[in-house]
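# Coordinate inspection notes
If you want the building blocks of each chain, they are given just below.
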Amino acid sequence: DADSMKERYEDSFDIGAAVELYQLEGVHGEILKRHYNSLVAENVMKPLYIQPEEGVFYWDDADQIADFARENDMTLRYHTLIWHNQVPDWFFEDENGEPMVDETDPDKRAENKEVLLERIETHVKTVVDRYKDVVDAWDVVNEVIDDGEPNDEGLRESPLYQIAGKDYIRTAFEAAREAGGEDAKLFINDYNTEINPKRDNLYSLVEDLLDEGVPIDGFGHQAHIQLDWPTLNEIEESIEMFAGLGLDTHITELDVSLYGWPPEPAYESYDAIPDEEFERQADRYNALFNLYERHDDDISNVTFWGIADDHTWLDDRAEEYNDGVGKDAPFVFDTDFNTKPAFDAIMDAYEEE
Ligand code: G3I
């Protein structure tokens, strides 16, 4: 019987975790080495950190994550080559430091588009070149579509779209393919992939991009989910739909929040969370991994968006919307790094006859 998550699922998919630099050491580092065989940077590989000024690349932090993956024989997911968020201001400014999106002159707009596409190409190729030996999967673009009704072309109205239109996606994928070769696995990644109208809009978009010859190899479901949202059926349908396009499937940012939106019921502290909540969460994780395992022909990586309950982006949400009340507990290790009921639930999940 396996006693680590990575052994338990070695015949099915890689088990990954998102990390900040400090988590490569100490008890986090120990848990990482024991239970996970895949890694992703929670922040330091995003454009804001990698190319803070035009032509000035900052590799130190990203290198540490890449080295940890190399040394410990882990696969690395690169998150993310292009995103509208956590991107430096200069990316969307013209040579006078003015925002490109405010441009009304159509000629100027076309010029700006060329400049932006070149920036995307340079950024993507430079990064892919540096890490292609260790990166197994690239989030080439992230969150390109809105939750609600998207615009005519089905995309989010981000500066990327407003300046370059849909072409920014093609440029990013083609640059990644050119630099990474056929071995580079190129992903489009998004959240709420289970929920309509977003799910169907995203599906049409990916289908169109594939028809147009954009080199996409994989689809990333972020899976920032809750105890009973979305339903298991919705999750399964969505996995089947996108895999049906012939794409590799990764679960890229898994966490199971105890709360809805806004965070309610909001527990005053971690200790105030009742045991029943952890039991419900264990049931949820059990059902989920059971489902993932049934789809292991399609799913090749399941990555958690963190390691233990001491550190989760969900707590920033409580800070922002709930005066800090509503400590969340989305993972399978608790704030003292002990395993939770959810851990046992994952280890015991469905075993094929
Ligand atoms: O680096 C600065 C630091 O210098 C400053 O002192 C501190 C003060 O607030 O902020 C630090 O930046 C924070 C950054 O994380 C690094 O810690 C930002 O404020 C904070 O907004 C940022 O949050 C990240 C968020 O993406 C940004 O949108 C989260 O850690 C990260 O978990 C989250 O990850 C995203 C995925 O990339 C895409 N999918 C959704 C997922 C969750 O939102």
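Source: prediction; values computed, not measured. (Residues numbered from 1 in each chain as written. Predicted model: local features only at pLDDT ≥ 70, side-chain atom pairs only at ≥ 80, totals over all residues.)

A few words on the overall build of the chain. Counting its regular elements, the chain contains 12 helices and 9 strands. The C-alpha atoms of the chain give 20 Å as radius of gyration, which agrees with the globular expectation for 353 residues (20 Å, within 12%). Projected onto the principal axes, the alpha-carbon positions of the chain cover approximately 60 × 40 × 40 Å. Counting every position in the chain, which comprises 353 residues, the buried fraction comes to 44%. In the chain, 77% of the contacts between residues at least 6 apart in sequence involve partners at least 24 apart. (Helix = DSSP H or I, 4+ residues; strand = E, 2+ residues; numbered from the N terminus. Rg over C-alpha atoms; globule rule 2.2 N^0.38 Å. Buried ≥ 20, exposed ≤ 12 C-beta atoms within 10 Å, placed from the backbone. Contact = placed C-beta atoms within 7 Å.)

Moving on, we get to the environment of Leu 288. For Leu 288, the position within the fold is in helix 10 (residues 275–294). Each C-alpha atom, one on Leu 288 and one on Ile 235, is 8.8 Å from the other, the two residues being 53 residues apart in sequence.

Our focus in this paragraph is the site of the ligand. Every residue lining the ligand is accounted for by Glu 42, Asn 43, Asn 85, Gln 86, Asn 142, Tyr 191, Gln 222, Glu 253 and Trp 313. Among the residues making up the shell around the ligand, the classes are represented as 2 nonpolar, 5 polar and 2 charged. (Near = placed C-beta within 6 Å. Nonpolar A, V, L, I, M, F, W, Y, C, P; charged D, E, K, R; others polar.)

All right, on to unusual backbone geometry then. With an omega dihedral of 0°, the bond running from His 79 to Thr 80 counts as a cis peptide bond. Among the secondary structure elements, Thr 80 is positioned in the loop between strand 3 (75–78) and helix 5 (106–131). Notably, Ala 223 is not glycine yet its phi reads approximately 65°, a positive angle. Along the chain, Ala 223 falls in the loop between strand 6 (218–221) and strand 7 (224–226). Assessed through the 26 C-beta atoms surrounding it within 10 Å, Ala 223 is described here as buried.

Attention shifts here to the nonpolar core. Burial of nonpolar side chains together is a common tendency in soluble globular proteins. Membership of the largest hydrophobic core comes to 89 residues, with the highest contact counts inside it found for Leu 39, Trp 138, Val 140, Ala 172 and Ala 176. Tallying contributions element by element places helix 7 (residues 167–180) first for this core, with 6 residues. (Core = buried A, V, L, I, M, F, W, Y, C linked by C-beta atoms within 7 Å.)

To continue, consider the pairing of strand 1 (residues 14–19). Along strand 1, 6 of the 6 residues are buried, which leaves the element largely enclosed by surrounding structure. By the alternation rule, side chains of strand 1 split into Asp 14, Gly 16 and Ala 18 and Ile 15, Ala 17 and Val 19, which are all buried. Of the strand pairs in this sheet, strand 1 and strand 9 (residues 299–304) are connected by 4 bridges, and their pairing is parallel. If you follow Ile 15 over to strand 9, its bridge partner there is Val 302. Looking at chain direction, strand 1 and strand 2 (residues 38–41) are connected through 4 bridges and run parallel. Across the sheet, the residue bridging to Ala 17 is Leu 39, located in strand 2. As for the winding sense of the linkage, the β-α-β connection from strand 1 through helix 2 (residues 26–35) to strand 2 is right-handed. (Pairing = 2+ DSSP bridges. Right-handed = clockwise from strand over helix to strand, strands pointing away.)

Here helix 5 crosses helix 7 at 30°, and the two axes come no closer than 8 Å. With respect to helix 7, the axis of helix 5 lies roughly parallel. In this structure, helix 5 meets helix 7 at a crossing whose hand is right-handed. In contact with Leu 116, Leu 117, Ile 120, Glu 121, Val 124, Lys 125, Val 128 and Asp 129 of helix 5, helix 7 contributes Asp 167, Tyr 168, Thr 171, Ala 172, Ala 175, Ala 176, Glu 178, Ala 179 and Gly 180. Here the contact of helix 5 with helix 7 is built from residues that sort into 10 nonpolar, 2 polar and 5 charged. (Axes fitted to C-alpha atoms, helices over the stretch in contact; angles between N-to-C directions. Parallel < 35°, antiparallel > 145°, perpendicular 65-115°, else oblique. Left-handed = near helix turned anticlockwise from the far one by under 90°.)

Between two packed helices, both the angle of their axes relative to each other and the distance between the axes serve to describe the pair. Where helix 10 meets helix 12 (residues 341–348), the axes come as close as 8 Å, and the angle between the chain directions of the two elements is 25°. Here helix 12 runs roughly parallel to helix 10, going by the angle between their axes. Every pair of crossing elements has a handedness; the one defined by helix 10 and helix 12 is right-handed. In this structure, helix 10 contributes Phe 278, Glu 279, Gln 281, Ala 282, Asp 283, Tyr 285, Asn 286 and Phe 289 to the contact, and helix 12 contributes Pro 341, Ala 342, Asp 344, Ala 345 and Ile 346. In the contact of helix 10 with helix 12, the residues fall into 8 nonpolar, 2 polar and 3 charged.

Turning our attention to the environment of Gly 306. The topology assignment puts Gly 306 in the loop between strand 9 and helix 11 (314–321). Looking at Gly 306, the number of C-beta atoms within 10 Å reads 24, which means it is buried. Between the alpha carbons of Gly 306 and Asp 255 there is a distance of 7.9 Å; along the sequence they are 51 residues apart. Residue contacts for Gly 306: discarding those within four places in its chain leaves Ala 17, Ala 18, Asp 255, His 311, Thr 312 and Phe 331.

The next thing to look at is the environment of Leu 314. Structurally, the position occupied by Leu 314 is in helix 11. Once the C-alpha coordinates of Leu 314 and Asp 328 are considered, the two residues, 14 residues apart in sequence, prove to be 6.4 Å apart. Discounting residues that sit within four places of it in the chain, Leu 314 has contacts with Asp 255, Ser 257, Asp 328 and Pro 330.

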